[in-house]
Amino acid sequence: MTAVLMILTASDHWTLKDGSRHPTGFWAEEFLAPYEVFRKAGWDVTVATPGGTPPTVDQTSLGLFGGLPPKTRRIKEALTELAPVLDAPVDLETVDHATYDLVFYPGGHGPIEDLAYDKTSGRLLADRLAAGRPLAMLCHAPAAILAASDGREASPFAGYRMTGLSNREEALNGLAKKAPWLLEDRLREAGIEYSRALLPLQPHVVVDRAVYTGQNPQSSRVLAERLVADLGSAS
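### Quick word on the sheet that holds strand 7 (residues 135-138)
Right, on to step 1. The strand order across the open sheet formed by seven strands is 5-4-1-6-7-11-10, and the pairing between neighbours is mixed. The open sheet has two edge strands with one neighbour each: strand 5 (90-91) and strand 10 (205-208).
Right, on to step 2. When strand 7 meets strand 11 (residues 211-214), the two strands line up parallel, connected through four bridges. Residue pairing for strand 11: Ala136 is matched across the bridge by Tyr212.
Right, on to step 3. Along the sheet face, helix 8 (residues 220-231) touches strand 6 (102-105), strand 7, strand 10 and strand 11 and points at about 160° away from the line of strand 11.

### A closer look at the packing of helix 1 (residues 28-40) against helix 2 (residues 69-81)
Right, on to step 1. Remark: helix 1 packs on helix 2, axes separated minimally by 11 Å, with the N-to-C direction vectors making an angle of 70°. It follows from the interaxial angle that helix 1 and helix 2 lie roughly perpendicular. Crossing handedness for the pair helix 1 and helix 2: left-handed. Here helix 1 contributes Ala28, Glu29, Phe31, Leu32 and Glu36 to the contact with helix 2, which in turn contributes Lys71, Arg74, Ile75, Ala78 and Leu79.
Right, on to step 2. Looking at the contact of helix 1 with helix 2 residue by residue, the class counts come to six nonpolar, no polar and four charged.

### Topic: the pattern of salt bridges
Right, on to step 1. Under the counting rule described, the total for this entry stands at eight salt bridges.
Right, on to step 2. For the salt bridge of Glu184 with Arg196, the shortest nitrogen-to-oxygen distance reads 3.0 Å. With a gap of twelve residues between them, Glu184 in helix 7 (residues 183-189) and Arg196 in the loop between strand 9 (193-194) and strand 10 connect regions that are remote in the sequence.
Right, on to step 3. Note that Asp208 is salt-bridged to Arg209, the shortest N-O span being 2.8 Å.
Right, on to step 4. For Arg209, a relative accessible area of 54% corresponds to the exposed category.
Right, on to step 5. Connected through shared salt-bridge partners, Glu36, Arg74 and Arg221 make up one network.

### Observations concerning the nonpolar core
Right, on to step 1. Counting 37 residues, the largest nonpolar core has Tyr105, Leu125, Met137 and Phe157 as the members making the most contacts within it.
Right, on to step 2. Mapped by element, the contributors of at least two residues to this core are strand 1 (3-7), strand 6, helix 5 (119-131), strand 7 and helix 7.
Right, on to step 3. Beyond its immediate chain neighbours, meaning those up to four positions away, Leu125 contacts Tyr105, Leu135, Met137, Ala144, Ile145, Ala148 and Phe157.
Right, on to step 4. Counting residues in hydrophobic clusters, the runner-up holds 32 residues, among them Ile75, Leu138, Leu223 and Ala224.

### A closer look at the environment of Glu170
Right, on to step 1. Of note, Glu170 is situated in helix 6 (residues 167-173).
Right, on to step 2. Of the residues examined, Glu170 reaches a relative accessible area of 3% and is grouped as buried.
Right, on to step 3. With 62 residues separating them along the chain, Glu170 and Gly108 place their C-alpha atoms 11 Å apart.
Right, on to step 4. Apart from the residues within four sequence positions on either side, Glu170 is in contact with Trp14, His109, His140, Leu165, Leu175, Ala176 and Leu182.
Right, on to step 5. Within polar-contact distance, the side chain of Glu170 engages the side chain of His109 at 2.8 Å.

### Re the packing of aromatic side chains
Aromatic ring pairs: the centre-centre distance and the angle between the two ring planes describe each pair.
Right, on to step 1. Under the defined criterion, the tally for this structure stands at five aromatic pairs.
Right, on to step 2. Judged by centre distance (5.3 Å) and plane angle (40°), the ring pair of Phe31 and Tyr35 falls under tilted. Taken together, the positions of Phe31 and Tyr35, both in helix 1 and four residues apart, correspond to about one turn of that helix. Neither Phe31 nor Tyr35 differs from the other in exposure class; each is buried.
Right, on to step 3. Between Phe38 and Trp43, the aromatic rings sit 5.2 Å apart at their centres with planes inclined by 15°, giving stacked as the arrangement.
Right, on to step 4. Above the face of the Tyr160 ring, Arg209 is positioned so that its terminal group lies 3.7 Å from the ring centre.

The rules we used
Residues numbered from 1 in each chain as written. Predicted model: local features only at pLDDT ≥ 70, side-chain atom pairs only at ≥ 80, totals over all residues. Heavy atoms only, no water. Pairing = 2+ DSSP bridges. Helix = DSSP H or I, 4+ residues; strand = E, 2+ residues; numbered from the N terminus. Contact = heavy atoms within 4.5 Å. Axes fitted to C-alpha atoms, helices over the stretch in contact; angles between N-to-C directions. Parallel < 35°, antiparallel > 145°, perpendicular 65-115°, else oblique. Left-handed = near helix turned anticlockwise from the far one by under 90°. Nonpolar A, V, L, I, M, F, W, Y, C, P; charged D, E, K, R; others polar. Salt bridge = Lys/Arg side-chain N within 4 Å of Asp/Glu carboxyl O. Buried < 20%, exposed > 50% of the residue type's maximum accessible area, 1.4 Å probe, protein only. Core = buried A, V, L, I, M, F, W, Y, C linked by side-chain atoms within 4.5 Å. Polar contact = N/O pair within 3.5 Å; in protein donor to acceptor, adjacent residues only side chain to side chain. Phe/Tyr/Trp six-rings, centres within 6.5 Å; stacked < 30°, edge-to-face > 60°. Lys NZ or Arg CZ within 6 Å of the ring centre and 35° of its normal.

Structure below.
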């Protein structure tokens, strides 16, 4: 059976440039849509977080920014059903990524707060990349690659084509001017060949070797379905 490690942020806030804390966490659709696609394909999914801390869902993703009421109502119901999974994640420190066929990072603003600096996650990403094993990151989650180098050397991801939430989309969120830094800028600074959809909020998936990235929440299901198509459904 194909085994997937989903690494979620453990942060419930994002520290803005004025020092205030913006409540956040993981974006509901970015976890739920891939989780459902993977389970439907017959894959086994393990959820992990830094410290094994139960992740916090960004409440904004359960409101109008997350979709129309019928959609967000279904998402809330599905998250309630998955509470036993989300309430008892594996501690990322104890994980051996080599035992998983795919490592998948959902987004939300939380990864900017913790995974962008988490050395355990950074080592996992660098090792995974070196091994050429499938790795996927969605929306804000590519911020995690910033921890894959110590800043004194080039990012191991330099030269890769990737996507992630664009500056234009962060501006649409109303948070761009408050952000300490923007993901698109940091990816470009790390040597990433950044790619985005022609229009904001459109699904956009980029694949470069074994690295899969999706631009925004709208890319959640498309990215997961591409992974299933490429890696194969379990029998």
